[in-house]
Number of protein chains: 2
Amino acid sequence: MAHPRDELRRLRWQRCVQALLVVVWLWAVSASAAGQQPLPSWNDGPAKTAILDFVRRVTQQGSPDFVPPAERIATFDNDGTLWSEQPIYFQFAFALDRVKALAPQHPEWKTTQPFKAVLDNDLKALVASGPKGLTELVMATHTGMTTDEFTKTVNDWVTTARHPRFNRPYTDLVFQPMVELLAYLRANGFKTFIVSGGTVEFMRAWVERVYGIPPEQVVGTTFVTKFELRPDGTPVLVREPKIDFIDDGPGKPVGIAKFIGRRPILAFGNSDGDLQMLQWTAAGTGARFMGLVHHTDSTREWRYDRQSHIGKLDKALDEATARKWVVVDMQRDWKVIYPLQR
Amino acid sequence: MAHPRDELRRLRWQRCVQALLVVVWLWAVSASAAGQQPLPSWNDGPAKTAILDFVRRVTQQGSPDFVPPAERIATFDNDGTLWSEQPIYFQFAFALDRVKALAPQHPEWKTTQPFKAVLDNDLKALVASGPKGLTELVMATHTGMTTDEFTKTVNDWVTTARHPRFNRPYTDLVFQPMVELLAYLRANGFKTFIVSGGTVEFMRAWVERVYGIPPEQVVGTTFVTKFELRPDGTPVLVREPKIDFIDDGPGKPVGIAKFIGRRPILAFGNSDGDLQMLQWTAAGTGARFMGLVHHTDSTREWRYDRQSHIGKLDKALDEATARKWVVVDMQRDWKVIYPLQR
């Protein structure tokens, strides 16, 4: 056995090291907490305050507005709410690029509208083809293949395509403040969902990597899909040129009921197509948060609302004002728009 | 300052207490682990071994079959796989009970088939009404109300209705071994889903409490639903008497693609209606688990397969045998059937 004085010295030394470790650990924790101020890309102001206040109220045990984690459902529109949507919806840019990529297999497109307009970059003729023409383009590029094949084309496009204004991949044009909001909500026990007019499988190919939202939390427009056993016994799902469900406007609460089955306590949109989702969210009992992203920044992004063909925000803006929903002013409320600007 | 000998005694004492605490803690942990042997209601045998082996292979870091948690999707049929389905599908028992409850508001039902058959308890006439009659009963009891109103009727029924053989609430007739399997998978990072021919909102009313599966992880048959603003401005979702999507047979992989957007790595069913879900699961790359519950216990539950009108298991049983999928023999593999028998 060691001499008592040696043992005492050793034990004292151990206690000293232990105390030091505790101090270092406390310092690390507090430093990391300080580095993780929530929503760093949001300027201080009414929108940020409203978000922080709402989250505090619904998550604080004993608060009259407390909501159990399982019921903390948050739904977000995608186009114009989580990423940009100008000069054309990004999914439509995908459709146009696919027409060009598929053109060699379709020589008849050279002389058939609306395909000819796309191949000639003739925007006037494209617009003249109207909703019927646009639907034709979507069907020709989104259906007639298996689900696996379609997902592959989206993955390829997301990797290679560039946005005409920023010359960056489209997925670089997500809104950094909203990405932070999604993460902040999840850190507070929320389950975050996309509820978009875009089609489900287009989004599912990339949203997990970009927003941290898994495929099973994406609600969107769907095509009729059929199960088939190929002659060698391989099962496939074939996408048919027929819309199954349109997840836009009044379709959004229907999509929420169908896919999620719980009413959100927080919903964010940016256009009249989100109005019914916000109304549905607002009509639940207990604390609620309804938010709109208002595109007010012509320099860093785009400035548009009531007169825009894309992401028209008119009725929903009036209702948000009347009902005191939170309207985020991109120019005023956001320090940066895109992740690359940090 | 204390005398060195006193301080030494104190420090020795502290170390002794610390060591004792570590021993107690280790003992508590191992005791608790021993009390939490996985799948306690499963008899040792090939089915249990196959489950434990599969979960170990896909969860063990460095295993060639390792699957990241986000991709550990497990899908379960409901009727006959997670709870009983005899003498009639429980959701159909709900429909019959609702006809009786609603009869005072529908005097015409006394003289109109198939409603008359239900009110007279005339099983022969009911069967004679065929699929068309059964559909009429489902529409009359499942649609024509708001989603909130429907959920309330299901909640009331689940609380009050009794199964004719066991005289217990229907939700007491869930399979204890399968409830344990669901929990075991979740404890190993799986996300558990129901993929059922039953209708989504019937299941969502009670599956979270009974199976621990949240509403947003339930895939099923859906009705067309419409968003409406009531005159006072309240938004409601009205269920229309029209099927939107049938989540059965070849519809199951379609439902999985539509609602979940990822291919399961484990799927469990009990009838030919689950065959395509199992084929779809089996066709993915990497480790896979396909399971069937075989109703072999006429004493504790029911015994049926190839000839049954409900939960017919014929083609899927042949394919399971040929492809070495796991067939659970209820009589042999399960210590108990229902939670109350523990």
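Residues numbered from 1 in each chain as written. Chains lettered and ligands numbered in written order. Predicted model: local features only at pLDDT ≥ 70, side-chain atom pairs only at ≥ 80, totals over all residues. Heavy atoms only, no water.

### Thoughts on the relation of the copies chain B and chain A
Thought 1: Between the two copies, chain B and chain A, the superposition gives an RMSD of 0.4 Å; the rotation angle is 180° and the shift along the axis is 0.0 Å. The transformation relating the two chain copies, once decomposed into turn and shift, fits a two-fold axis.
Thought 2: By residue overlap, the copies meet face to face through one surface: 98% of the interface positions of chain B are interface positions in chain A. (Least-squares fit on C-alpha atoms with pLDDT ≥ 70 in both. Contact = heavy atoms within 4.5 Å.)

### Remarks on the sheet that holds strand β4 (residues 235-245) of chain B
Residues and elements named next belong to chain B.
Thought 1: Pairing within the open sheet is mixed, and its seven strands lie in the order β4-β3-β2-β1-β5-β6-β7. Every interior strand has two partners, whereas the edge strands, β4 and β7 (326-329), have only one. Neighbour-to-neighbour, the strand axes of this sheet turn through a mean angle of 30°, independent of strand direction.
Thought 2: The sheet strands contacting helix α8 (residues 176-187) are β1 (73-76), β2 (191-199), β5 (266-269) and β6 (289-294), and the helix crosses β1 at an angle near 165°. (Pairing = 2+ DSSP bridges. Helix = DSSP H or I, 4+ residues; strand = E, 2+ residues; numbered from the N terminus. Axes fitted to C-alpha atoms, helices over the stretch in contact; angles between N-to-C directions.)

### Points about the interface of chain B and chain A
Thought 1: Across the boundary between the two partners, chain B contributes 46 residues, which contact 46 residues of chain A.
Thought 2: At the junction of chain B with chain A, the criterion picks out 10 salt bridges.
Thought 3: As a salt-bridge pair, R262 of chain A and E216 of chain B come within 3.2 Å of each other at their nearest N and O atoms.
Thought 4: Going through the elements one at a time, α1 (4-35), α7 (147-160), β2, α9 (200-204), β3 (218-229), β4, α11 (251-260) and α12 (275-282) of chain B are the ones with two or more residues in the side of chain B that touches chain A. (Salt bridge = Lys/Arg side-chain N within 4 Å of Asp/Glu carboxyl O.)

### Describing the packing of aromatic side chains
Thought 1: Taken as a whole, this structure holds 39 aromatic pairs over all chains when the rule is applied.
Thought 2: Where W109 of chain A meets F115 of chain A, the ring centres are 4.3 Å apart and the plane angle is 5°; that geometry is what we call stacked.
Thought 3: With 5.9 Å between their ring centres and 85° between their planes, F94 of chain B and F150 of chain B make a pair best called edge-to-face. In this pair, F94 of chain B sits in helix α3 (residues 90-102) while F150 of chain B sits in helix α7, placing the two residues 56 residues apart along the sequence.
Thought 4: Three or more aromatic residues joined by ring pairs make a cluster, and in this case those are W83, F90, F94, F150, W157, Y170, F202, W206 and Y211 of chain A.
Thought 5: Over the aromatic face of F245 of chain A sits the side chain of K258 of chain A, whose NZ or CZ is 4.2 Å from the ring centroid.
Thought 6: Looking at R263 of chain B, its charged tip hangs above the ring of W280 of chain B, at a distance of 3.6 Å from the centre. (Phe/Tyr/Trp six-rings, centres within 6.5 Å; stacked < 30°, edge-to-face > 60°. Lys NZ or Arg CZ within 6 Å of the ring centre and 35° of its normal.)

### Regarding the packing of helix α2 (residues 46-59) of chain A against helix α8 (residues 176-187) of chain A
Residue and element names in this part refer to chain A.
Thought 1: Where α2 contacts α8, the two axes come as close as 11 Å, and the packing angle between them is 15°. By the criterion of interaxial angle, the relationship of α2 to α8 is roughly parallel. Relative to α8, α2 is oriented so that their crossing is right-handed. Residues I51, L52 and V55 of α2 pack against L181, Y184 and L185 of α8.
Thought 2: Broken down by class, the residue content of the contact of α2 with α8 amounts to six nonpolar, no polar and no charged. (Parallel < 35°, antiparallel > 145°, perpendicular 65-115°, else oblique. Left-handed = near helix turned anticlockwise from the far one by under 90°. Nonpolar A, V, L, I, M, F, W, Y, C, P; charged D, E, K, R; others polar.)

### A few points about the pairing of strand β2 (residues 191-199) of chain A
Residue and element names in this part refer to chain A.
Thought 1: Most of β2 sits inside the fold, with seven of its nine residues counted as buried.
Thought 2: Relative to β2, strand β1 (residues 73-76) is paired through four bridges, and the arrangement is parallel. In the strand pairing of β2, F76 is matched with I194.
Thought 3: Here three bridges tie β2 to strand β3 (residues 218-229), and the two strands are oriented parallel to one another. Of the residues in β3, the one forming a bridge with I194 is V218. (Buried < 20%, exposed > 50% of the residue type's maximum accessible area, 1.4 Å probe, protein only.)

### What to know about the pattern of salt bridges
Thought 1: Here the structure, examined in full by the defined rule, presents 44 salt bridges over all chains.
Thought 2: A salt bridge links D77 of chain B to K252 of chain B, with the shortest nitrogen-to-oxygen separation between them at 2.9 Å. One end of the pair, D77 of chain B, is in the loop between β1 and α3; the other, K252 of chain B, is in helix α11, with 175 residues separating them in the sequence.
Thought 3: With a closest N to O distance of 2.9 Å, R332 of chain B and D333 of chain B form a salt bridge.
Thought 4: Taking the relative accessible area as the measure of exposure, R332 of chain B reaches 45% and is therefore partly exposed.
Thought 5: Here D333 of chain B falls in the buried class, since its relative accessible area comes to 1%.
Thought 6: Taken together, the shared-partner salt bridges in this structure form one network comprising D53, R56, R57 and D65 of chain A.

### A look at the side chain of D247 of chain B
Residue and element names in this part refer to chain B.
Thought 1: Secondary-structure assignment places D247 in the loop between β4 and α11.
Thought 2: Of the side chains bearing the opposite charge, K252 lies closest to the buried D247, which forms no salt bridge; the N-O distance is 5.4 Å.
Thought 3: Every residue in contact with D247, bar those within four places of it in the chain, is listed here: V195, S196, G197, V219, G220, T221, K252 and G255. (Lys, Arg positive; Asp, Glu negative; His and termini not counted.)

### A word on the sheet that holds β1 of chain A
All names here are of chain A.
Thought 1: A sheet is described by the order of its strands in space; here seven strands give the open sequence β4-β3-β2-β1-β5-β6-β7, paired in mixed fashion. At either margin of the open sheet sits one strand with a lone partner, and together these are β4 (235-245) and β7 (326-329). Adjacent strand axes in the sheet meet at a mean angle of 30°, parallel and antiparallel pairs treated alike.
Thought 2: Looking at chain direction, β3 and β4 are connected through seven bridges and run antiparallel. Bridge assignment links T222 to a residue of β4, and that residue is F245.

### Details of helix α12 (residues 275-282) of chain A
Thought 1: Most of α12 of chain A sits inside the fold, with eight of its eight residues counted as buried.
Thought 2: Along α12 of chain A, the positions that sit buried rather than exposed are L275, Q276, M277, L278, Q279, W280, T281 and A282 of chain A.

### Concerning the side chain of Q91 of chain B
Residues and elements named next belong to chain B.
Thought 1: Relative to the helices and strands, Q91 is located in helix α3.
Thought 2: A polar atom in the side chain of Q91 sits 2.9 Å from the side chain of H142.
Thought 3: Setting aside chain neighbours within four positions, we find Q91 in contact with H142, G198, T199 and F202. (Polar contact = N/O pair within 3.5 Å; in protein donor to acceptor, adjacent residues only side chain to side chain.)

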